[in-house]
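What follows is each chain in one-letter form.
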Amino acid sequence: MDDVFIELSIQFLLSAAGIVVAGVFLAQSADQIAERTGLGRLFTGSILLAGATSLPELLVDISAIRKEMPDLAVGDLLGSSLMNLLILAVADLIHRKPAKIFSRAAAHHALSAAVSINVTAIACIAIFLGPNLAGISAGEIGLGPLSIGLFYLLALRLVYRSQPQARHAPELKAASGRQEIVRPFSVFFGAALAIFVAAPFLAAAAGGLAERTGLGTTFLGSTLVAFCTSLPEVVSTFAAVRMGAFDLAVGNIFGSNSFNMILLIPLDLVHEGNLLGAVSRTHVLTGLSVILATSVAVMGQLYDAEKRKKFVEPDAFGVIGIVIASLIILFWILPG
């Protein structure tokens, strides 16, 4: 190994460590925000926590767009969604309480999962149509990202109103002291700022290591870079599970997958021309894998049976199998 490779590896590990520490504080403060404001863990995880843990994707992918690597950027977003589902399945396996992610008791999470399925499907359609949508835009935003944004805004209302806590939010907020609310918000935004600072160093290190591997940008964005930018989701999700904040963990994963598609809007603004029309159509395969794995997760939440046959009936093992198979196929068919 040369000196540059070692330096990049050290930079990568240090920035990743900073993101890991910040992720723990994010989960803790988000749980306090959900409790003291009455917004509910599912909604807080789907919006606040998901938005904060998506910061690395945003910074890494803006950098990739500016370096004229749109395939790396789009591959990172879709690949990160795939990695998030793997995180969710593993969290379910280590969760020892009776209430499991892939159980009837968690069926109320299916709505936020459906939102992520729909926005991912819209992105896949826009990528597949590609240049055919080049002339349709609202200013600098293409039809695909614009449609994703509009759908997401409408879906937020449904996710919020689906929570039992939402009906009592005004009363709970009024009952909470100002200091009790300000402190967790301060910790939350401080941790988010730490991720924002560490993310560029992680991006630079990942990019440098990527160039030295010789792997193509499409596969690399869908796997290695996606795994790196999913570090905040990994840490915050497992921290939430350890705290017993089950709804926060699930909301973070499904919310992050929706946020990944929302990030196509700022990326489209940075990119010159139609972003989704400039990338390889092979990204549709990654998107379909995300949709398939998420659908199995939803089936597991709606299927009314606790004892299931592994890989035959919908459960965490099924999602893990789909994710691993998808990554193998991506490595096999994607040339660059």
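The structure this text deals with has already been given above.
Throughout this document, residue positions are counted from 1 along each chain, in the order its sequence is written. pLDDT decides what is reported in this predicted model: residues at 70 or higher carry local features, side-chain atom pairs at 80 or more are listed and counted, and totals for whole chains, interfaces and linings draw on all residues regardless. Derived side-chain values reflect all non-hydrogen atoms in the structure, with water molecules and hydrogen atoms excluded from consideration.

Trainee: Outline the side chain of S54, listing residues and values.
Mentor: Helix and strand assignments follow DSSP, with helices taken as H or I runs no shorter than four residues and strands as E runs no shorter than two, numbered in order from the N terminus. Position of S54 among the secondary structure elements: in the loop between α2 (41–53) and α3 (55–66). Only heavy atoms matter for contacts: two residues are in contact if any of them lie within 4.5 Å across the pair. Residues contacting S54, with those up to four places away along its chain left out, are E233, S256, F259, N260 and L263.

Trainee: Can you break down the environment of V241 residue by residue, with the values?
Mentor: For V241, the location among the structural elements is in helix α11 (residues 231–243). For the pair V241 and D92, spaced 149 residues apart in sequence, the C-alpha to C-alpha distance is 9.0 Å. Apart from residues no more than four positions distant in its own chain, V241 is found in contact with A91, H95 and A249.

Trainee: How would you sum up the packing of helix α5 (residues 110–129) against helix α14 (residues 283–302)? Please name residues and give values.
Mentor: Between α5 and α14, whose axes approach to 9 Å, the crossing angle comes to 160°. With respect to α14, the element α5 is oriented roughly antiparallel. Considering the relative orientation of α5 and α14, their crossing is left-handed. For the pair α5 and α14, contact is made by A110, A113, S116, I117, T120, A121, C124, I127 and F128 and by H283, V284, G287, L288, V290, I291, T294, S295, V298, Q301 and L302, respectively. Three residue categories are used. Nonpolar comprises Ala, Val, Leu, Ile, Met, Phe, Trp, Tyr, Cys and Pro, charged comprises Asp, Glu, Lys and Arg, and polar comprises the others, including Gly. A class-by-class count of the residues in the contact of α5 with α14 yields 13 nonpolar, seven polar and no charged. Where helices are involved, their axes are fitted lines through C-alpha atoms of the stretch in contact, as for all axes, and angles between N-to-C directions lie from 0 to 180°. Put simply, angles under 35 degrees are roughly parallel, angles over 145 are roughly antiparallel, angles from 65 to 115 are roughly perpendicular, and the rest are oblique. Handedness of each helix crossing follows the sense of rotation of the near helix against the far helix: counterclockwise by less than a right angle gives left-handed, clockwise gives right-handed.

Trainee: Would you mind going over unusual backbone geometry in detail, with residue names and values included?
Mentor: One non-glycine residue, E68, lies in positive phi territory at about 60°. Looking at where E68 falls in the secondary structure, it is placed in the loop between α3 and α4 (70–94). Throughout this description, buried means an accessible area under 20% of the type-specific maximum (1.4 Å probe, protein chains only), exposed means over 50%, and partly exposed covers the range between. What makes E68 exposed here is its relative accessible area of 71%.

Trainee: Break down the nonpolar core for me, citing the residues and quoting the values.
Mentor: In a soluble, globular protein the nonpolar side chains are often hidden away together inside. In this description, a nonpolar core means a group of buried Ala, Val, Leu, Ile, Met, Phe, Trp, Tyr and Cys residues linked to one another through side-chain atoms lying within 4.5 Å. Counting residues in each nonpolar core, the largest one holds 32 residues, and the members touching the most others are V74, I127, I148, M261, L264, L267 and L275. Those elements that provide at least two residues to this core are α2, α3, α4, α5, α6 (143–161), α12 (246–262) and α13 (264–270). Ranked by residue count, the leading element in this core is α5, at six residues. Apart from residues lying up to four places away in sequence, I148 is in contact with V119, I122, A123, M261, I262 and L264. Counting residues in hydrophobic clusters, the runner-up holds 27 residues, among them L49, A192, L231 and L248.

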